[in-house]
Amino acid sequence: MYRLIVCDLDGTLLNAEHRLGDYSRAVLDGLQARGIEILLASGRHYLDIRCLADRLGSRGGLISSNGAAVHDGGSRLTHCRAIDADCLDFLLRDPLFERVHTNIYRLDDWLVETPKPILLGYHQDSGFAYRVADFATLAPEPVLKVFYYAEDPDHLLALEERILARHGDRVTTTYALPMVLEVMARGVSKGEALAGVVSRLGLDRADVIAFGDGRNDLEMLRYAGKGVLMGNADASLKAALPELEVIGSNAQEAVANYLEGLFATAG
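Residues numbered from 1 in each chain as written. Predicted model: local features only at pLDDT ≥ 70, side-chain atom pairs only at ≥ 80, totals over all residues. Heavy atoms only, no water.

A closer look at the side chain of Asn66
Positionally, Asn66 belongs in the loop between strand S3 (62-64) and strand S4 (69-71). Residue Asn66 is classed as buried on the basis of its relative accessible area of 2%. Only 2.8 Å separates the side chain of Asn66 from the side chain of Asn216, close enough to count as a polar contact. Setting aside anything within four residues of it in sequence, one finds Asn66 in contact with Ser42, Gly43, Lys145, Thr174, Glu182, Met184, Val188, Ser189, Lys190 and Asn216. (Helix = DSSP H or I, 4+ residues; strand = E, 2+ residues; numbered from the N terminus. Buried < 20%, exposed > 50% of the residue type's maximum accessible area, 1.4 Å probe, protein only. Polar contact = N/O pair within 3.5 Å; in protein donor to acceptor, adjacent residues only side chain to side chain. Contact = heavy atoms within 4.5 Å.)

Looking at the sheet that holds S4
The eight strands are arranged S5-S4-S3-S2-S1-S12-S13-S14 in an open sheet whose pairing can be described as mixed. With partners counted over all chains shown, the strands left at the sheet margins are strand S5 (77-80) and strand S14 (245-246), one partner each. Alignment of strand S1 (residues 4-7) against strand S2 (residues 37-41), held across four bridges, turns out to be parallel. Pairing of Ile5 across the sheet is with Ile38, part of S2. Set on the sheet, helix H3 (residues 46-56) makes contact with S2, S3 and S4; between it and S3 the angle comes to about 155°. (Pairing = 2+ DSSP bridges. Axes fitted to C-alpha atoms, helices over the stretch in contact; angles between N-to-C directions.)

A closer look at the nonpolar core
Generally speaking, soluble globular proteins have nonpolar side chains that are buried together. Membership of the largest hydrophobic core comes to 30 residues, with the highest contact counts inside it found for Ile5, Leu13, Leu40, Phe211 and Leu259. With six residues, helix H9 (residues 254-266) is the single largest residue contributor to this core. The contact partners of Phe211, leaving out residues within four places of it in the chain, are Ile5, Val6, Cys7, Asp8, Thr12, Met220, Leu221, Val228, Ile247, Val255, Tyr258 and Leu259. Ranked by size, the runner-up nonpolar core spans 24 residues in total, among them Cys87, Val100, Phe135 and Leu156. (Core = buried A, V, L, I, M, F, W, Y, C linked by side-chain atoms within 4.5 Å.)

Structural notes on the sheet that holds strand S11 (residues 180-185)
On the basis of which strands lie adjacent, the open sheet formed by six strands has the order S8-S7-S6-S9-S11-S10 and mixed pairing. The sheet terminates laterally at strand S8 (131-132) and strand S10 (171-177), the two strands that pair on one side only. The pairing of strand S6 (residues 101-106) with strand S7 (residues 110-112) spans three bridges and is antiparallel. Bridge pairing in S7 links Asn103 to Val112. Of the strands in this sheet, strand S9 (143-149), S10 and S11 are in contact with helix H5 (residues 153-167), which crosses S10 at around 160°.

Quick word on unusual backbone geometry
Unusually for a residue other than glycine, Ser75 sits at a positive phi of about 70°. For Ser75, the location among the structural elements is in the loop between S4 and S5. Positioned with a positive phi, Glu253 is a non-glycine residue whose angle comes to about 55°. Structurally, Glu253 is set in the loop between S14 and H9.

Topic: the pattern of salt bridges
Applying the stated criterion across every chain yields a total of 16 salt bridges. Asp48 is paired through a salt bridge with Arg44; the nearest N and O atoms lie 3.0 Å apart. Per residue, the accessibility class of Asp48 equals that of Arg44, and both read buried. If you follow the salt bridges from partner to partner, you end up with Arg106, Asp109, Arg131 and Glu141 in one network. (Salt bridge = Lys/Arg side-chain N within 4 Å of Asp/Glu carboxyl O.)

Written out as structure tokens, the structure is:
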């Protein structure tokens, strides 16, 4: 039976209000009491999802910023891959990005140049929030992720093409949501980060079951011994992984329901 459960957050483990339901928490608590590790894997910042992990008492660690950072169960940083500093002038200051809202994740903060209150709705439980700063005067600290918010997904697709044409040899792109284009260092993914965690824990990929719904979950679901898709998963993710089992939606707390049934059958 599986020894490590890996869960994306928004659209997967969290409900429609971006919160952990009481039923989900009870099921995960019960599984951890049986010695099964829970690993949260998200595009969110480490400081954001750490609050959730603390409430769960999770010992498996955290994959954050789509795999650009990994922390162990003791909150120690075990892996970090920042965007090449030479790419940042373009990603943060080029006029190409004037029609989108640009965000930066560094190791210890979330920065924006202009407020965007709608983004704070995803972080109600943790209270994690951005800080307004002038990107032109930032100290030279590592940037884990740059992401762009726009209500026009087609515009983001056009921007993605331009980004990859300019720096495709040094950055990778993905989407947590259709209106959020995310940019990390080349090779960064939840799947790559998960492989490192599995090795560190002395496990095998066959020991892992993973749940996801977004395009940024693709590599993670491919790596896991068993990948499971949410019913509300992005259509392109379902098309890329047609062999995977599909369960209910995050609004139904389908991950918890599935796990409860799976481990009850296993005894």
